[in-house]
Amino acid sequence: MILPPRKASVETNEEGQKRERKRKQLLGFNEILQRLEKFKAADKIRLHHLFDDEEIHQMCETLNIEFRDRVFTPAIALGLFVSQVLSRSDACITVMAKFNRERKNRGLSPVSKDASAYTKARVRLPVGLINHLSTQVRMMADNMMSDEWKWNGLNVYLVDGFVLRAPDTLANQKKYPQPSRLKEGLGFPQVRVVTTTSLASGCVVHHNTAPVEGKKTGEVSLFREKHKDFEKCDIIVADSNLESFHDAALLLRRGVHMVCAINGSRNSPFEGSCETIDDQIVEVQKPKFNPTRFTRKEWNALPKRVLYRMIRYRVAGRETPLTVVTTLTDRQRFTAEDIAELYGWSLLSLGALALAGLLALLLALARVPGAEMIFPWTGQAFFQKLLVVHVSF
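Analysis parameters
Residues numbered from 1 in each chain as written. Predicted model: local features only at pLDDT ≥ 70, side-chain atom pairs only at ≥ 80, totals over all residues. Heavy atoms only, no water. Helix = DSSP H or I, 4+ residues; strand = E, 2+ residues; numbered from the N terminus. Expected span 1.5 Å × (residues − 1). Buried < 20%, exposed > 50% of the residue type's maximum accessible area, 1.4 Å probe, protein only. Arc of directions from axis to C-beta. Contact = heavy atoms within 4.5 Å. Salt bridge = Lys/Arg side-chain N within 4 Å of Asp/Glu carboxyl O. Polar contact = N/O pair within 3.5 Å; in protein donor to acceptor, adjacent residues only side chain to side chain. Core = buried A, V, L, I, M, F, W, Y, C linked by side-chain atoms within 4.5 Å. Pairing = 2+ DSSP bridges. Right-handed = clockwise from strand over helix to strand, strands pointing away.

**Digging into helix 5 (residues 92-105)**
And step 1. Along its 14 residues, helix 5 runs 20 Å from first to last C-alpha, staying within 8% of the 20 Å computed at 1.5 Å per residue.
And step 2. Inspection of helix 5 places Cys92, Val95, Met96, Phe99, Asn100, Glu102 and Arg103 among the buried residues, and these make up the whole buried set. Down the axis of helix 5, the buried set is contained in an arc of 160 degrees. They therefore lie on one face. Opposite the packed face of helix 5, turned more than 90 degrees from it, sit the exposed residues Ile93, Lys104 and Asn105.
And step 3. Where the residues of helix 5 are buried, they touch helix 4 (74-87) and helix 6 (116-123).
And step 4. Gly107 lies just past helix 5 and shows a positive phi near 80 degrees.

**With respect to the pattern of salt bridges**
And step 1. Overall, the coordinates contain 8 salt bridges when judged by the stated rule.
And step 2. For Asp247, the salt bridge is made with Arg224, and the minimal N-O distance between the two is 2.7 Å. Taken together, the positions of Asp247 in helix 10 (residues 245-253) and Arg224 in helix 9 (residues 219-225) put the pair 23 residues apart, joining distant regions of the chain.
And step 3. Since its relative accessible area comes to 0%, Asp247 is described here as buried.
And step 4. Given a relative accessible area of 25%, Arg224 falls into the partly exposed group.
And step 5. The partner of Glu243 in a salt bridge is Arg266, and the shortest N-O contact between them spans 2.9 Å. Of the two residues, Glu243 sits in the loop between strand 5 (235-238) and helix 10 while Arg266 sits in the loop between strand 6 (257-261) and strand 7 (278-285), which places them 23 residues apart along the sequence.
And step 6. Under the relative-accessibility criterion, Glu243 is labelled buried at 4%.
And step 7. Three or more residues are tied together by salt bridges with common partners; here these are Asp279, Arg309 and Arg331.

**Some details on the environment of Gln173**
And step 1. Relative to the assigned elements, Gln173 resides in helix 8 (residues 170-175).
And step 2. For Gln173, the residues in contact, after removing those within four places along its chain, are Asp168, Gln178, Gly187, Phe188 and Pro189.
And step 3. Looking at Gln173, its side chain comes within polar contact range of the side chain of Asp168, at 2.8 Å.
And step 4. Of note is the side chain of Gln173, whose polar atom sits 3.3 Å from the backbone oxygen of Gly187.

**Focus on the nonpolar core**
And step 1. Counting 29 residues, the largest nonpolar core has Val159, Phe223, Phe230, Ile236, Tyr308 and Met310 as the members making the most contacts within it.
And step 2. Of all the secondary structure elements, the ones that give two or more residues to this core are strand 2 (156-165), strand 4 (204-211), helix 9, strand 5, helix 10, strand 6, strand 7 and strand 8 (305-315).
And step 3. With residues up to four places along the chain from it excluded, the contact list for Met310 reads Ile262, Arg266, Asn267, Pro269, Phe270, Asp278, Asp279, Gln280, Val282, Val324 and Val325.
And step 4. Ile56, Ile65, Ile76 and Leu129 belong to the second largest nonpolar core, which has 26 residues in total.

**Here we look at the pairing of strand 5**
And step 1. Every second residue of strand 5 is oriented toward a common face, with Ile235 and Val237 on one face and Ile236 and Ala238 on the other, all of them buried.
And step 2. Here strand 2 pairs with strand 5 via 3 bridges, running parallel. The residue bridging Leu158 from the neighbouring strand is Val237, located in strand 5.
And step 3. Note that strand 5 and strand 6 share 4 bridges and pair parallel. Among the inter-strand pairings, Ala238 is bridged to a residue of strand 6, identified as Cys260.
And step 4. Once the chain exits strand 5 it traverses helix 10 before rejoining the sheet at strand 6, and the crossover so formed is right-handed.

**Here we look at the side chain of Thr196**
And step 1. Along the chain, the position of Thr196 falls in strand 3 (residues 190-198).
And step 2. Residue Thr196 is classed as buried on the basis of its relative accessible area, which comes to 3%.
And step 3. Setting aside chain neighbours within four positions, we find Thr196 in contact with Tyr157, Leu158, Val159, Cys203, Val204, Val205, His206 and Phe230.

Take a look at the structure:
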């Protein structure tokens, strides 16, 4: 059997299919852009009704962030900055024109058309405030999230890694050096990022950063540092790079399961052509001790074996079968078709995060200090809040 393309649902229930079509429509790229255009046309792009200035300034007080009572307070500067990022093409002078129009509507006198004060205010934006706002966004999304958006009643998180360039400053070069293969002064600082995203809400729940070179700076090491943030019965979906006996065993100890594409170094139990969905449970043995991968204490703590469920299936539009491995061994509760669709849905969702990456890149190019540390949050947090509050589930 060949699974339908990812734009179709494996589910045959008519109501379920209708819900899936509605969800995909609401999360479509064009739908998101249309919503942004509506907010821009209504002069609501700053989202006052979501995070008003007083609320943000109260957060500053809670976080012991001091600021002067001037025109471009942290709340106003951040609001204008986010609106500029979401507008994509607005220059600073355009932002000032819109800001003066807003002030006029509120009966306030206009400020100078010169954008220099605004750009300096952006530089002063406290990273702590932005991180705090991102947490508020995630909590709001969790509170509003319907159980129907969960997979089999469980929380699913997508883990993925990537590399971005940071502004070429001395501080960034010290913390995130340019690649050693490049001569000094000929490259930008590079930051490796691993993010964890909720499949149900679309919010990034946590992230980790490191240089691109050096010990324990790879995606696997950064992911392993975040194991403690997952709770019992959570499900992690990731690509083959994060599929390993070590991580599967550590997460199972916490009651957390993984669904990953099979690692290229792992032998597949399947032979011959794939005509149906092949589903096998195999016993994966503990790897031999390797001092470059474990300490002796870590290796001794690993179990002798882990049960892996391997699922091979064909996807329309793909020439070769896809093999997924998981620690979800309960075939009655989790069918092979369900797991296959979960992995496919997750790939689509990770692709959609490219938009958030572009927004964050604009912030980095704007040379905001610490922008590389707030990559998953600034812009994306407000962008996600725009979706969470205004999309009817």
